[in-house]
Amino acid sequence: MTLSLSFHLPYIKPPSPTISSIAPCNLNHHCHIPVSCYTATMEALKTIFLPLFLVLASALYSANAKIQEHQFVIQATPVKRLCSTHNTITVNGQFPGPTLEVNNGDTLVVKVTNKARYNVTIHWHGIRQMRTGWADGPEFVTQCPIRPGESYTYRFTIEGQEGTLWWHAHSSWLRATVYGALIIYPREGEAYPFPKPKRQTPILLGEWWDANPIDVLRQATRTGAAPNISDAYTINGQPGDLYKCSTQGTTIVPIDSGETNLLRVINAALNQPLFFTVANHKLKVVGADASYLKPFTTSVIMLGPGQTTDVLIQGDQPPSRYYMAARAYQSAQNAPFDNTTTTAILNYKSAPCPAKGVSIKPLMPSLPAYNDTNTVTTFSNSFRSPRKVEVPAEIDDDLFFTIGLGLNNCPPNFSPNQCQGPNGTRFTASMNNVSFVLPNNVSILQAHHLGVQGVFTTDFPTQPPLKFDYTGNVSRSLWQPVPGTKVTKLKFGSRVQIVLQDTSIVTPENHPIHLHGYDFYIVAEGFGNFDPKKDTSKFNLVDPPMRNTVAVPVNGWAVIRFVADNPGAWIMHCHLDVHIGWGLATVLLVDNGVGLLQSIEAPPEDLPLC
């Protein structure tokens, strides 16, 4: 294909300095150009023409890119599960919602119309949103919610990402049913870094309440207790054969002898990390969170809520029917959880047909024990990038965030019915002893962009206010955090390291921590209290995995690194939704850099008003 270069480039006003500002250089026709003059001149030329070059390169690079437009209607739809029908909030009447399929480089334009009775936003989980933070979606962080009867159009371009991501509501507990897969294929003409599979199947692991999830959350908020646990897990919206009234809808995944199927596994559960396996089949892990991995083989994977994992499965077993299964990984001691198992069926197309009236029961896999942290650790330690990557070696911002639960004393004006947590308290959660409070009349990004005062402060502690034995016996005086809307400011281009340290306040737990607007490298994980003197030697600065959600080990820590090259307001939170509601979150506020290409775009005209 021949590309014409005769198109008109948009005019971009060159930033300072310009060539005319370089006074010391005497550029007459007869002199030799001094090195200092040459260097300054080249720098000035680069300042002027680099934006033009980037625009040209982008135009060439995007020659085959497409603009994909979709309509999302948020509405109540009758959905029957576990023998009962509920008026469930869905997208376009589908549960799960529609799968979006795009290529690396494509632009998505999704108009979301809210016909439900709740406020809603949509988050495109894992999309970098380069300079398009207005499309990120977390309620009161980057936008005000889409009110009932109103619409908002999300516009963003997918740049340099391939693999499996997903989208979901980011308002209250609507994520329980408002979610779907987002598959990013390589650019047209480019290939996977592994043999192309014969077929591909999204596997969305979910969590189902035999009640209205919003009512479940409201009851917990009212009482201060932990919310009721779910009644089932689901695969592609179906609980599977082990639940009542569910066999007819069990998800069937086709495969045939000799072929390869790419399973795009997504943990869309609200509050539960999950194990996933397939009877008698090995899983070859090739990607996670829309980043490729050095392939490795395992019999079971674990995903925290928000995480995705791409696995290849071979049709190398006798043609028959085999259960896929998922169940809880529960790391919090003595905390109630949904101890049930969801199933789907891997069905060989060449399997012999059973005799009339005879049902062949699929083979059931063995799953790890619900508290099998050793299996989780072995799996997590297997992740590597396919090749050497550019990890920041020098650090500008060295941050240390403790994460964990907490208990608020019952306020004097509350009745005992409002304080049904342990010993008459109310559950809470925090990072660095700050329990994050969302604004309610303007988003943080809007306040930052418009200079609105009094919405947030920039004094989030970059280190724990008090050092203590994080994973030991913690003094009760540290169990009650301070509420606040505090953010951490970062300069554009800053090289950032964050140590995420679990604590044993109330109970230690494996926390899936998701950072919006960024991918990051997980350079190390471990148990106990992070010790920079001895643990820094364990850092992998050669081929660490790139993720957008890190499962911080129970009673342990994880270290992540990234470059703050995307201006905006980016929430970092636990993806157990019960925890984000309690305040286990903070916001990284990244300043604009120099010039247009290092600055966030202007807010769209249809950005929802509060």
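Structural data are supplied above this passage.
Position numbers for residues start from 1 in each chain and track the written sequence from start to end. Local features in this predicted model are restricted to residues of pLDDT 70 or higher, and side-chain atom pairs are both shown and tallied only at a pLDDT of 80 or more, whereas totals for entire chains, interfaces and linings draw on every residue. The side-chain quantities take in all heavy atoms of the structure and omit both hydrogens and water.

## Some remarks on the overall build of the chain
Summing up its helical and strand segments, the chain has six helices and 32 strands in all. The classification of residues rests on relative accessible area computed with a 1.4 Å probe and restricted to protein chains. Under 20% of the type maximum is buried, over 50% is exposed, and intermediate values are partly exposed. When each of the 610 residues of the chain is scored for burial, the buried share is 55%. In this analysis, two residues are considered to be in contact whenever any of their non-hydrogen atoms come within 4.5 Å of each other. Relative to all contacts within the chain whose residues are 6 or more apart in sequence, the contacts with residues 24 or more apart total 79%. Strands are runs of DSSP state E lasting at least two residues, helices are runs of H or I lasting at least four, and both sets are numbered from the N terminus onward.

## Quick look at the nonpolar core
Ranked by internal contacts, the top residues of the largest apolar core, which has 90 residues, are Trp-124, Ile-498 and Ile-513. The term nonpolar core refers to a set of buried residues drawn from Ala, Val, Leu, Ile, Met, Phe, Trp, Tyr and Cys, joined through side-chain atoms within 4.5 Å. Of all hydrophobic cores here, the second largest spans 54 residues; its members include Ala-181, Ile-255, Leu-303 and Ala-328.

## Considerations on the environment of Asp-535
Locating Asp-535 in the fold gives a position in helix 5 (residues 532-535). Taking the C-alpha atoms as reference points, Asp-535 and Ala-524, eleven residues apart in sequence, are found 8.3 Å from one another. Discounting residues that sit within four places of it in the chain, Asp-535 has contacts with Asn-529, Phe-530 and Trp-557.

## Here we look at the packing of aromatic side chains
Any Phe, Tyr or Trp ring, taking Trp's six-membered ring, that has another such ring centre within 6.5 Å forms a pair; planes under 30 degrees apart are called stacked, those over 60 apart edge-to-face, and the others tilted. For the coordinates displayed, the defined rule picks out 26 aromatic pairs. Aromatic pair Phe-379 and Phe-383: ring centres 5.0 Å apart, planes at 85°, arrangement edge-to-face. By the burial criterion, Phe-379 is buried, and Phe-383 matches it. Residues Phe-530 and Trp-557 carry aromatic rings whose centres are separated by 4.9 Å and whose planes lie at 75° to one another, so their mutual orientation is edge-to-face.

## Regarding the pattern of salt bridges
By definition here, a salt bridge exists when the distance from a side-chain nitrogen of Lys or Arg to a carboxyl oxygen of Asp or Glu is within 4 Å. In total, this model carries 16 salt bridges according to the counting rule given. Linking Asp-310 and Arg-264 is a salt bridge whose minimum nitrogen-to-oxygen distance equals 3.8 Å. Note that Asp-310 is positioned in strand 17 (residues 308-314) and Arg-264 in strand 12 (residues 260-267), a separation of 46 residues in sequence. Judged by its relative accessible area of 6%, Asp-310 is buried. Taking the shortest distance from any N to any O, the salt bridge between Arg-384 and Asp-543 comes out at 3.9 Å. One end of the pair, Arg-384, is in the loop between helix 3 (373-380) and strand 20 (397-409); the other, Asp-543, is in the loop between helix 5 and strand 28 (546-547), and 159 residues separate them in sequence. What makes Arg-384 partly exposed here is its relative accessible area of 33%. Overall, the relative accessible area of 13% leaves Asp-543 in the buried class. Put simply, Lys-66, Asp-106 and Glu-188 are held in one network by salt bridges that share partners.

## Section: the sheet that holds strand 16 (residues 300-303)
The mixed open sheet is built from five strands, whose spatial order is 11-19-18-13-16. The open sheet has two edge strands, strand 11 (252-255) and strand 16, and neither has a second partner. Strand-to-strand twist of the sheet, defined as the mean angle between neighbouring strand axes without regard to direction, takes the value 25°. Two strands make a pair as long as DSSP finds a minimum of two bridges between them. Note that strand 13 (residues 274-278) and strand 18 (residues 321-328) share five bridges and pair antiparallel. Helix axes are fitted only over the stretch in contact, all axes being lines through C-alpha atoms; the angle between N-to-C directions runs from 0 to 180 degrees.

## Some points on the environment of Asn-236
Here Asn-236 is to be found in the loop between strand 10 (232-235) and strand 11. Considering only alpha carbons, one finds Asn-236 and Leu-205, 31 residues apart in sequence, at a separation of 6.5 Å. There is a polar contact of 3.1 Å between the side chain of Asn-236 and the backbone oxygen of Pro-202. Here a polar contact means two N or O atoms within 3.5 Å. Within protein one must be a hydrogen donor candidate and the other an acceptor candidate, and residues neighboring in sequence count only if both atoms are side-chain atoms. Within the structure, the side chain of Asn-236 is placed 2.8 Å from the backbone nitrogen of Leu-204, a separation counted as a polar contact.

## Re the state of the cysteines
In this description, the term disulfide denotes a pair of cysteine sulfurs within 2.5 Å. Going through the model one piece at a time under the given rule, you end up with three disulfides. Between the sulfur of Cys-83 and that of Cys-245 lies a disulfide, 1.8 Å long from S to S. The chirality of the disulfide connecting Cys-83 with Cys-245 is right-handed, given an S-S dihedral of about 85°. Linking Cys-83 in the loop between strand 1 (67-81) and strand 2 (84-91) with Cys-245 in the loop between strand 10 and strand 11, this pair joins segments that are 162 residues apart in sequence. Put simply, Cys-410 and Cys-419 are joined by a disulfide, and their sulfur atoms are 2.0 Å apart. Looking down the S-S bond of the Cys-410 and Cys-419 bridge, the torsion is 75°, so its handedness is right-handed. Under the relative-accessibility criterion, Cys-419 is labelled buried at 5%. Here the disulfide map of the chain reads 1-3, 2-6, 4-5, the bonded cysteines being numbered as they appear in the sequence.

## Digging into helix 2 (residues 213-223)
Taken residue by residue, helix 2 has Pro-213, Ile-214, Val-216, Ala-220 and Thr-223 as its buried positions. The secondary structure elements touched by the buried residues of helix 2 are strand 21 (425-431). Residue Asn-212 occupies the N-cap position of helix 2, its side-chain oxygen lying 3.0 Å from the main-chain nitrogen of Ile-214. At the exit of helix 2 stands Gly-224, carrying a positive phi of roughly 80°.

## What about the sheet that holds strand 24 (residues 487-490)?
Pairing is mixed across the open sheet formed by five strands, whose spatial order is 24-32-31-26-29. Of all strands in the sheet, those with a lone pairing partner are strand 24 and strand 29 (549-552), marking the two edges. Strand-to-strand twist of the sheet, defined as the mean angle between neighbouring strand axes without regard to direction, takes the value 20°.

Bear in mind that shape data such as this cannot, by itself, settle questions of function.
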